[in-house]
Amino acid sequence: MYRFLLTPRWWGINVFTVLAIPVCLFLGTWQLGRFETRVDSHRDQQTQAEDARTAAAEPLADLLPVSTVTSGRRARATGHYDTGHQLLVPDRQLDDRQGFYVLTLLRTDDGKALPVVRGWLPGDANSPADTAKVPAPPAGDVTVTGALQASESPTSKGVNASGGLPSGQLGVISAASLVNLVPYQVYDAWITTPTATAPMVPVPPAAAPNSGLDLKAFQNLGYTGEWFVFAGFVVFMWFRLFRREVEALRDEELGITPDGPSGGPDDARQKRSPAGAA
């Protein structure tokens, strides 16, 4: 009855099934592992954020380059604010309100500049009435501490990457965006201060890129389910083909053929059941 399993056609079906199931399970497990890694990263990020609020600030040079480990840590830099290159970062939300960041470049003692987000203001960065509320930065030498952040990219959350911003505004906080706006080198990082001069509000630090429970994390979870479903579908299709093959062989044994003189479904049922033959 089951010799058909040794035919070349079924050899191909069986080999495909035997290979496809572990591949699907492996890929599903791999995606699940990536999701669990992001969950652990999110948990670590929260722990680091809590520790960073009470930990002593560290020199900026000791925390560079920014990584998932150093992102959010308190950094310390000394220098003076470049009041001639203060920038507004428009279309930034805070507590579901629309507003803008106030970014001022800190010329450090080594000559490079560190972008410092001194706070957030509600309103429109294109409105003179709203921008008039921006307080001036402290004059002279200052020591600034704040949460270290990685440079943004055009795909970062809340970034205005459309371009065409007026002078004095910045869409993406990064060294690449600032290189053509200032006549000196800029660190590939920025900090947000824990306190802000009124009426500004401090900007909370963001999670490090590719960490935390973001959309990509839940995509990994979705892919996990898809691969396990594919594995189950392979098993289902093999069983369905197997059962059809067995039923076809039984029909042949009973003399039921699709092209027979009485190939109707009612005749087939009658030949299969003793009651129908009576």
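Residues numbered from 1 in each chain as written. Predicted model: local features only at pLDDT ≥ 70, side-chain atom pairs only at ≥ 80, totals over all residues. Heavy atoms only, no water.

1. Brief notes about the overall build of the protein
For clarity, the threshold we go by: Secondary structure follows DSSP: runs of H or I at least 4 residues long count as helices, runs of E at least 2 residues long count as strands, and numbering of each begins at the N terminus. Burial classes follow relative accessibility: with a 1.4 Å probe on protein chains only, a residue under 20% of its type's maximum area counts as buried, one over 50% as exposed, and anything between as partly exposed. By the convention used here, residues are in contact when the closest approach between their heavy atoms is within 4.5 Å. Using a 1.4 Å probe, the Shrake-Rupley method yields the accessible areas, and only the shown protein chains count as cover for residues.
Looking only at helices and strands, one finds 7 helices and 7 strands in the protein. Seen in sequence order, the protein has helices and strands lined up from the N terminus as α-β-α-β-β-β-β-α-β-α-β-α-α-α. When burial is assessed residue by residue, the protein has 34% of its 278 residues classed as buried. The contacts in the protein between residues at least 6 apart in sequence include a share of 66% that link residues at least 24 apart. Carbon and sulfur atoms provide 58% of the accessible area of the protein, an area that totals close to 16,300 Å².

2. Looking at the confidence of the model for the protein
Cut-off, in case you're wondering: Residue-level confidence of the predictor is what pLDDT reports, using numbers from 0 through 100.
In this model, the protein carries an average pLDDT of 84, and 85% of its residues clear a pLDDT of 70 or more. Put simply, helix α7 (residues 274-277) is where the protein has its lowest mean pLDDT, 47, and strand β5 (residues 113-122) is where it has its highest, 96. pLDDT under 50 marks residues 261-265. Its contacts with residues more than four places away, or in other chains, come to 4 contacts.

3. Notes on the packing of aromatic side chains
What counts here: Here a Phe, Tyr or Trp ring, Trp counted by its six-membered ring, pairs with any other such ring whose centre lies within 6.5 Å, and the pair is stacked when the planes are under 30 degrees apart, edge-to-face when over 60, and tilted otherwise. A ring is scored as having a charge over it whenever the NZ atom of a lysine or the CZ atom of an arginine sits within 6 Å of its centre and within 35 degrees of its normal.
Counted by the stated rule, this structure contains 3 aromatic pairs. Joined through ring pairs, the aromatic side chains of Trp10, Trp238 and Phe242 make up one cluster. We note arginine 107 situated over the ring of tyrosine 184; from NZ or CZ to the ring centre the distance is 3.9 Å.

4. A closer look at unusual backbone geometry
Each neighbour pair has its own omega, and for leucine 64 with proline 65 the value is -5°, a cis peptide bond. Tracing the backbone shows proline 65 in the loop between α2 (60-63) and β2 (74-81). In this structure, proline 199 follows alanine 198 across a cis peptide bond, with omega equal to 10°. Locating proline 199 in the fold gives a position in the loop between β7 (189-192) and α5 (215-253). If you check the backbone angles, aspartate 95 has positive phi at about 55° while not being a glycine. Located in the positive-phi region is aspartate 96, a residue other than glycine, with phi close to 65°.

5. Notes on the pattern of salt bridges
Two side chains with opposite charge may pair up if their charged atoms get near one another. Cut-off, in case you're wondering: Here, a salt bridge means any Lys or Arg side-chain nitrogen found within 4 Å of an Asp or Glu carboxyl oxygen.
This structure, assessed with the given rule, holds 4 salt bridges. Here glutamate 245 makes a salt bridge to arginine 9, at a shortest N to O gap of 3.2 Å. Note that glutamate 245 is positioned in helix α5 and arginine 9 in helix α1 (residues 8-54), a separation of 236 residues in sequence. As a salt-bridge pair, glutamate 58 and arginine 73 come within 2.9 Å of each other at their nearest N and O atoms. Of this pair, glutamate 58 sits in strand β1 (residues 58-59) while arginine 73 sits in the loop between α2 and β2; the two residues are 15 residues apart in sequence, bridging distant segments of the chain. Exposure remark for glutamate 58: the relative accessible area of 25% places this residue in the partly exposed category.

6. Some remarks on the nonpolar core
Cut-off, in case you're wondering: Side-chain atoms within 4.5 Å are what join buried Ala, Val, Leu, Ile, Met, Phe, Trp, Tyr and Cys residues into a set we call a nonpolar core.
Ranked by size, the top nonpolar core spans 17 residues in total, and within it Tyr101, Leu103, Leu105, Val117 and Ile173 carry the most contacts. Taken together, the elements giving at least two residues each to this core come down to β3 (87-94), β4 (97-108) and β5. For isoleucine 173, the contacting residues outside a window of four places in its chain are Val89, Arg92, Tyr101, Leu103, Val117, Ser151, Glu152 and Trp190. With 14 residues, the next largest nonpolar core counts Ala77, Tyr81, Val144 and Tyr187 among its residues.

7. Digging into the pairing of β5
This is how the line gets drawn: Strands are treated as partners if at least two bridges between them are detected by DSSP.
Counting buried positions over the 10 residues of β5 gives 9, a clear majority of the element. Sheet analysis places β4 next to β5, joined by 9 bridges and oriented antiparallel. Among the inter-strand pairings, phenylalanine 100 is bridged to a residue of β5, identified as leucine 121. From the end of β4 to the start of β5, which pair antiparallel, there are 4 residues, and glycine 111 there has a positive phi angle of about 100°. In this structure, β5 lies alongside β7, joined through 2 bridges in parallel fashion. Paired with valine 116 across the two strands is isoleucine 191, which belongs to β7.

8. Looking at the environment of proline 138
Among the structural elements, proline 138 can be located in the loop between α3 (128-131) and β6 (141-150). Sequence spacing of proline 138 and tyrosine 81 is 57 residues, and the spatial spacing of their C-alpha atoms is 7.2 Å.

9. Observations concerning the environment of glycine 84
Within the secondary structure layout, glycine 84 lies in the loop between β2 and β3. The sequence separation of glycine 84 and threonine 104 amounts to 20 residues, and the corresponding C-alpha distance is 9.0 Å.

10. Some details on the environment of aspartate 124
Position of aspartate 124 among the secondary structure elements: in the loop between β5 and α3. Looking at aspartate 124, the relative accessible area reads 38%, which means it is partly exposed. As a C-alpha pair, aspartate 124 and glycine 99 span 25 residues in sequence and 5.9 Å in three-dimensional space. Ignoring sequence-local partners within four residues, the contact set of aspartate 124 consists of Phe100, Asp130 and Thr131.

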